[in-house]
Amino acid sequence: MKKYFSLIILMFFVSCRNERTINEILNIGKELTTKDLSKTDSTENIVFIGKSLKEKITELKKQNFELKLKVQNGDLNYPFGDSKAENILVLNNGIQKLNVRLKYNSNKKKFDILGFATE
């Protein structure tokens, strides 16, 4: 009985952490899609935003300003991923998808962008 109770508690904490991570990553998506990225290289939740990613997001917004956000666990398949990303933020404008590879940087308490790929 004690083992089952411990397992339920563990599952609860893992579930809460996963939900918090999803919300944090969705906030990253909101930052990337609503802020003027030309004026900054970082945000409250992102360590560094490179020039090519800024250009790609601007291109997506020009095609269709309404972007849908989605979070996926894990990394992109090789050759786009190398199993180092913990999550993928997908920005979809209905024409193209932009997959942003993310890993949490515990030292800076923000996410590192490891790269991105389009579909």
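The coordinates are above.
Throughout what follows, the structure given in this document is the object of discussion. Please read all numbers here as calculations on a predicted model, not as lab measurements.

1. Here we look at unusual backbone geometry
- Backbone torsion omega between tyrosine 78 and proline 79 reads 15°, so that peptide bond is classified as cis.
- Counting through the fold element by element, proline 79 comes out in the loop between strand 1 (68-73) and strand 2 (87-92).
- In this structure, lysine 109 takes a positive phi of about 55° despite not being glycine.
- The topology assignment puts lysine 109 in the loop between strand 3 (97-105) and strand 4 (110-118).
- By relative accessible area, which is 60% here, lysine 109 ends up exposed.

2. Topic: the packing of aromatic side chains
- Scanning the entire structure with this criterion turns up one aromatic pair.
- Consider the rings of tyrosine 104 and phenylalanine 111, whose centres lie 5.1 Å apart with planes at 70°: the pair is edge-to-face.
- Take tyrosine 104: its relative accessible area is 28%, and that puts it in the partly exposed class.
- A residue is classified by how much of its surface remains accessible, and phenylalanine 111, at 3% relative accessible area, is buried.

What counts and how
- Positions within a chain are numbered from 1, following the residues in the order the chain's sequence is written.
- For this predicted model, a pLDDT threshold of at least 70 governs which residues receive local features, and a threshold of 80 or more governs which side-chain atom pairs are given and counted, while totals over whole chains, interfaces and linings are taken from all residues.
- Side-chain figures throughout are based on the complete set of non-hydrogen atoms in the structure, without hydrogens or water.
- Helix and strand assignments follow DSSP, with helices taken as H or I runs no shorter than four residues and strands as E runs no shorter than two, numbered in order from the N terminus.
- Burial classes: relative accessible area under 20% of the type maximum marks a residue as buried, over 50% as exposed, and values in between as partly exposed (1.4 Å probe, protein chains only).
- Under the pairing criterion, centres of Phe, Tyr and Trp rings, with the six-membered ring standing for Trp, must be within 6.5 Å; the plane angle then separates stacked pairs below 30 degrees from edge-to-face pairs above 60, leaving the rest tilted.

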